[in-house]
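Listed below are the residues making up each chain.
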Amino acid sequence: MADLFSPGKIGAIPVSNRVAMAPLTRARADMEGVHTPLAIEYYRQRASAGLIISEATNISRQGRGYAFTPGIYTDAHVRAWRPVTEAVHEAGGHIVLQLWHVGRISHDSLQEGGQPPVAPSAIQAGGLTYIETGFERPSMPRALRTDEIPGIIDDYRNAARKSKDAGFDGVEVHSANCYLLEEFIRDSTNKRDDAYGRSVENRTRLTFEVARAVAEIWGPERVGVRLSPLTKSAGDTPLDSDPQTTYGFLAERLGTLNLAYLHCIEGQTRGDNAKAEFDFQALHRAFGGAYIANNGYDRELAMTTIANGLADMVAFGRPFIGNPDLVERLQRDEPLATAPQETFYGGGAKGYIDFPTFAAAPTS
Ligand code: 8OZ
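Not measured: the values here are computed from a predicted model. (Residues numbered from 1 in each chain as written. Predicted model: local features only at pLDDT ≥ 70, side-chain atom pairs only at ≥ 80, totals over all residues. Heavy atoms only, no water.)

1. Section: the site of the ligand
No. 1: Thr25, Trp100, His174, Asn177 and Tyr345 are the nearest of the 9 residues found near the ligand.
No. 2: One nitrogen or oxygen atom from the side chain of His174 is found 2.8 Å from an oxygen atom belonging to the ligand.
No. 3: In the environment of the ligand, an oxygen atom lies 2.8 Å from a nitrogen or oxygen atom belonging to the side chain of Asn177.
No. 4: Burial of the ligand by the protein chains amounts to 86% of its free accessible area of 300 Å².
No. 5: In the shell around the ligand, the residues fall into 5 nonpolar, 3 polar and 1 charged. (Near = heavy atom within 4 Å. Polar contact = N/O pair within 3.5 Å; in protein donor to acceptor, adjacent residues only side chain to side chain. Areas by Shrake-Rupley, 256 points an atom, 1.4 Å probe, with all protein chains shown as cover. Nonpolar A, V, L, I, M, F, W, Y, C, P; charged D, E, K, R; others polar.)

This is the structure:
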C-alpha cells in the first residue's frame with residue numbers, strides 16, 4: 001500500500017515521496033522575468049519534495065500579467081532557470097516548470113506597446129493584478145481572433161522547448177485559477193462563436209490542444225495539467241455553469257493523451273478544503289492516470305488520501321514557504337512554521353530563503 005513517504009513514479013519522473021510542492025508565485029524575478037540567484041537557493045532548499053512544481057512562468061510577453069513573475073521565452077530566462085534545475089537535481093529532487101498565460105488577468109502597461117491583454121472574449125476581469133507601481137484592476141481585454149490561436153499554441157511549444165533547454169524534468173500546463181486556458185473552459189468568460197466556444201467540447205479544446213502540443217515536445221509522460229473547477233480567485237471570475245460536466249469531459253479527454261498526471265485544486269485557492277459540492281474523484285477516474293490532490297491538506301488527510309489510493313501525490317503550497325524541510329517535518333510529525341503573508345510576493349531574500357529547517361531552528 002502506498003505511503004505518503006514512499007518513493008514512486010509520476011509519469012516518467014521518479015519521486016522520492018508523495019509530497020509535491022505546489023506552484024507558488026513569489027514575484028522575485030526582475031521586470032524582464034529573469035530570476036536572480038536567490039531562486040537557486042529557494043528551490044534548492046525545498047528539493048526534498050517528491051516533486052517541485054515551479055511557480056507559474058510566463059510563456060510569452062503577451063502571457064504576462066504580474067510584475068516580477070518569471071518567464072520561459074528568452075535565452076536569458078533559460079540561463080537563469082538552468083542553475084535552479086541543476087541545484088534541485090544535485091540535491092536529489094525533481095522539478096517541473098508550470099507554463100502560464102494569464103489571458104485577461106493583465107494590464108496594458110505589462111504588454112508590448114501598451115496593448116490590451118487577450119482573452120476568449122472581451123470581458124473585463126474584476127479583482128486586482130500587480131504592475132510595477134502597485135495593484136491595478138486588469139485592463140479591458142480584446143477577444144483573440146480564431147486565426148491567432150495557432151500562434152498561442154506555438155508560444156506554448158516554444159516555452160516547452162526552452163524549459164527542456166533549462167533542464168527541467170517536465171512541465172505542468174496551468175489550466176487553472178481563471179487564467180487564459182480556464183477562461184476558455186468556463187462559459188462565464190467564453191462567449192465565442194467559433195470552434196473554441198459554445199459547446200463543452202469547443203471550450204475545452206484549447207487546453208487539450210496545448211497539452212497535446214507540449215506532449216509532442218516532452219513526451220506525454222512528462223506533462224501534467226492543473227485544473228481548478230471551483231476557484232474564483234483571479235479576476236473574481238464566475239464559475240462555469242456546470243463544472244462537474246465540463247471538467248469531467250476535459251479530464252476524460254486529457255486522459256487519452258496518457259499524460260504524467262492531473263493536478264486539481266479541490267476548492268478555492270488559499271481557501272479551505274471545501275470540496276463537498278464537487279466530486280473530484282470523478283475527475284480522477286475520468287482521467288484514468290496519476291492524480292495530484294491539492295488545497296488545504298494537512299498531514300493526517302494527506303496520509304489517509306495516499307493510503308486509500310485517492311491520490312498519487314498531495315501538493316502543499318503555503319506550508320512550503322516557511323518550511324523548506326516540509327517533508328521531513330511531516331514525516332517526523334514536527335510542528336510547522338507559518339510564513340508571514342507580507343513577504344509572500346515581491347522583495348528579496350527576506351521571507352524567501354531565510355526559513356530554517358526544524359533541526360536548525362533556534363529553540364525558545
Ligand atoms: C498568486 C498571485 C499571483 C498569481 C495562480 C499564478 O493563482 C497564480 C498567482 C497566485 O495560479
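2. Things to note about the sheet that holds strand 4 (residues 51-58)
No. 1: A barrel is described by the order of its strands in space; here 8 strands give the closed sequence 3-4-5-10-11-12-13-14, paired in parallel fashion. Here the average twist between neighbouring strands, direction ignored, is 25 degrees.
No. 2: Here strand 11 (residues 223-227) pairs with strand 12 (residues 261-265) via 4 bridges, running parallel. Bridge pairing in strand 12 links Leu227 to Cys264.
No. 3: Those strands touched by helix 2 (residues 75-90) are strand 4 and strand 5 (95-100), and its axis lies near 145 degrees from that of strand 5. (Pairing = 2+ DSSP bridges. Helix = DSSP H or I, 4+ residues; strand = E, 2+ residues; numbered from the N terminus. Axes fitted to C-alpha atoms, helices over the stretch in contact; angles between N-to-C directions. Contact = heavy atoms within 4.5 Å.)

3. Comments concerning the pattern of salt bridges
No. 1: Following the criterion strictly, the structure yields 16 salt bridges and no others.
No. 2: Glu112 serves as the salt-bridge partner of Arg61, at 3.5 Å between the closest nitrogen and oxygen. A residue pair is termed long-range when its members are at least 10 positions apart, and Arg61 in the loop between strand 4 and helix 2 and Glu112 in the loop between strand 5 and strand 6 (118-119) qualify at 51 residues.
No. 3: Look at Glu112 and you get partly exposed, because its relative accessible area is 49%. (Salt bridge = Lys/Arg side-chain N within 4 Å of Asp/Glu carboxyl O. Buried < 20%, exposed > 50% of the residue type's maximum accessible area, 1.4 Å probe, protein only.)

4. Comments concerning helix 8 (residues 280-287)
No. 1: For helix 8, the full list of buried residues reads Phe280, Leu283, His284 and Phe287. Taken end-on, helix 8 shows its buried residues confined to a sector of 100 degrees, consistent with a single buried face.
No. 2: Contacts made by the buried residues of helix 8 are with helix 7 (243-255), strand 12 and strand 13 (291-294).
No. 3: Sitting at the amino-terminal end of helix 8 is Asp279, which places a side-chain oxygen 3.1 Å from the backbone nitrogen of Gln281. (Arc of directions from axis to C-beta.)

5. Section: the side chain of Ser188
No. 1: By the secondary structure assignment, Ser188 is in the loop between helix 4 (180-185) and helix 5 (200-203).
No. 2: Classification of Ser188 as buried rests on a relative accessible area of 17%.
No. 3: At a separation of 2.7 Å, a polar atom in the side chain of Ser188 contacts the main-chain carbonyl oxygen of Pro238.
No. 4: In this view, Ser188 contacts Ile123, Thr237, Pro238 and Leu239; residues no more than four positions away in its chain are not counted.

6. Regarding the side chain of Arg46
No. 1: Tracing the backbone through its elements, the reader meets Arg46 in the loop between helix 1 (38-45) and strand 4.
No. 2: Other than its neighbours up to four places away in sequence, Arg46 contacts Met21, Ile52, Phe320, Ile321, Pro324, Tyr352 and Phe355.

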